[in-house]
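Inside the fold
Chain by chain, the residues:
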2 protein chains.
Amino acid sequence: MKDDQMPFEAALVERAGPLEALLRRLLDDRPLSGEIARPQRLMAAMRHGVLNGGKRLRPFLVMESAALFSADGEAALRVAAALECVHCYSLIHDDLPAMDDDDLRRGQPTVHKAFDEATAILAGDALLALAFDIVADEATMLPGERRAALILALARAAGAGGMVGGQMLDLEAERIRPDEAGIIRLQAMKTGALIRFACEAGAILAGAPAADRERLAEFGSAIGLAFQLADDLLDLTADAHQMGKATGKDAAAGKATLVALHGANWARDQLQGLVGQAHALLDPYGEAAVLLKEAAKFVAARTS
Amino acid sequence: MKDDQMPFEAALVERAGPLEALLRRLLDDRPLSGEIARPQRLMAAMRHGVLNGGKRLRPFLVMESAALFSADGEAALRVAAALECVHCYSLIHDDLPAMDDDDLRRGQPTVHKAFDEATAILAGDALLALAFDIVADEATMLPGERRAALILALARAAGAGGMVGGQMLDLEAERIRPDEAGIIRLQAMKTGALIRFACEAGAILAGAPAADRERLAEFGSAIGLAFQLADDLLDLTADAHQMGKATGKDAAAGKATLVALHGANWARDQLQGLVGQAHALLDPYGEAAVLLKEAAKFVAARTS
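What counts and what doesn't
Residues numbered from 1 in each chain as written. Chains lettered and ligands numbered in written order. Predicted model: local features only at pLDDT ≥ 70, side-chain atom pairs only at ≥ 80, totals over all residues. Heavy atoms only, no water. UniProt positions renumbered as here; feature names shortened; annotations may be inferred. Salt bridge = Lys/Arg side-chain N within 4 Å of Asp/Glu carboxyl O. Helix = DSSP H or I, 4+ residues; strand = E, 2+ residues; numbered from the N terminus. Buried < 20%, exposed > 50% of the residue type's maximum accessible area, 1.4 Å probe, protein only. Least-squares fit on C-alpha atoms with pLDDT ≥ 70 in both. Contact = heavy atoms within 4.5 Å.

Looking at an unreviewed UniProt entry, one finds chain A named Probable farnesyl diphosphate synthase, with Mesorhizobium tianshanense as its source organism. Check the Cofactor (unreviewed entry) section of the UniProt entry for chain A; it says "Mg(2+)". Annotation of chain A in UniProt includes, under Sequence similarities (unreviewed entry), the sentence "Belongs to the FPP/GGPP synthase family."

This part takes up the pattern of salt bridges. The full count for this structure, using the stated rule, is 36 salt bridges over all chains. Here Lys190(A) ties to Asp170(A) by a salt bridge, and the two come within 2.8 Å at their closest N and O atoms. Residue Lys190(A) is found in helix 9 (residues 180-206), and its partner Asp170(A) is found in helix 8 (residues 163-173); the two are separated by 20 residues along the sequence. For Lys190(A), a relative accessible area of 19% puts it in the buried group. According to the relative accessible area criterion, Asp170(A) is buried, its value standing at 9%. For the salt bridge of Glu84(B) with Arg56(B), the shortest nitrogen-to-oxygen distance reads 2.9 Å. Of this pair, Glu84(B) sits in helix 4 (residues 73-94) while Arg56(B) sits in the loop between helix 2 (40-50) and helix 3 (57-68), and the two are 28 residues apart along the sequence. Of the residues examined, Glu84(B) reaches a relative accessible area of 1% and is grouped as buried. The exposure class assigned to Arg56(B) is buried, which follows from its relative accessible area of 3%.

What follows deals with the relation of the copies chain A and chain B. You can overlay chain A on chain B at an RMSD of 0.0 Å; the transform is a turn of 180° with a shift of 0.0 Å along its axis. On the angle and the small slide along the axis, the relation comes out as a two-fold axis. Taking the C-alpha atom as reference, chain A places Gly144(A) closest to the rotation axis, 2.2 Å from it. A symmetric contact is evident, with 100% of the interface residues of chain A recurring at the interface of chain B.

Below, the structure written as structure tokens:
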């Protein structure tokens, strides 16, 4: 970790505080209006999958992109929490024996290990439903039209043409080795779609012009690609202790990644290029975008 | 099947026509705006789980309850399709080896049998996201406030305090035998919540007064309870051929149901009482509610 990234990491930790508190409240055992009861074991599994010390990068991107357009901070916090529920549900299902079969996540037992497979499947399902519940709720103080627009963008980023579609392509990649364009598409869907949504969400929250929304989405796409490249590099170079999960799995599985295709040096050059591209996209916003620019650097240089 | 139910079954089939066409369109391989690509195998699995000859009872309830309040028919059709996506995703996940481990559904291989477990998990996930996509889309010609209200009610009916919570309680019921109140709560969540939403949805679609919304929701609760009682009776008396799935599983598993607790004759009396209660709730709407009343009878008397 380079010295000039310390202020960013401090900002990340600071922003995570209110988010953790909101997530804890949303994952409470007490039923909401219209709910009959919240089974304790299910809620415990959901909390295990969400309140696990994640860096909350996606929520940070929602909150910072919202701040860029002076959107309401409380509304942004709720959208950020919803997005984190989607991200965490996807990790729970991804870790299942039928999927990546991982026992560890951030150094802790995965949900199906700490509970059981059926509970992990249901906890993931409930988190996905909760995400849309959170945004749709009137407590997210936005006009209905804007809540609906956020839900549409989130559902599309998460669904068959986004994250879940990317997970499907990733599973198939073990049999059908994709070419370079196939790998890029897979990654733009699997990890890129939610990061893109995170950055776009601020513009939607604020009802910003379409051009701003598109610019932020492109920024999201660039750092999403950088995120995945950094991940592939880490898988090659880091050890399990550093990552809190199994590493070297990609290479062992002969998995097609851009790093496997072009090597680590190429990947590092690419990362620099993507950060530059991301920064250029934010230049029109001047000083207000400084933390988002730091986020791009952080994503590209992360070591865990 | 009694003779006086034939007209209702004809209405059910007739209403299903446009719904099947819409579902087929929504589950197309071609990506929508904002989507990158829709993996063929994933879409095929989603279609397998949805376009399977279901009776489309829940969509029928949405469309009829919407008609009761003169809501827009096209908007109701889309909400109906969304609800069916939620219902079908829950069946796909429920059939998984880690859950009920069923090989057959409506006489066909379940999704994890026709494809594989990972694909079935992802197909279910994608269907849940798609449901919210459908309602949130501007193509559902309703004010944003109303789309958001429908999404909130659907998410809450589907989530930890509704259907998924009920599935969790159902899994636990094999270990912790629930008492009568516990069984009723379990069933109100597992099967009741979505049926209740189906009936309530029409009132939300139309922006009907809160009293109407509550009345339709109560109607939904009554027929939801009837649906489950009829299901438990069928499990006791029907054979696998008739049901298109394994039967007698509840008794074999020593599973706590109201039928197991009180016997078949008590259940038949209860069913009559619930139909009467459901009908009384719709009396204020006169002739306009005749098909919904038929639906209550159908649910209580169904033989498959």
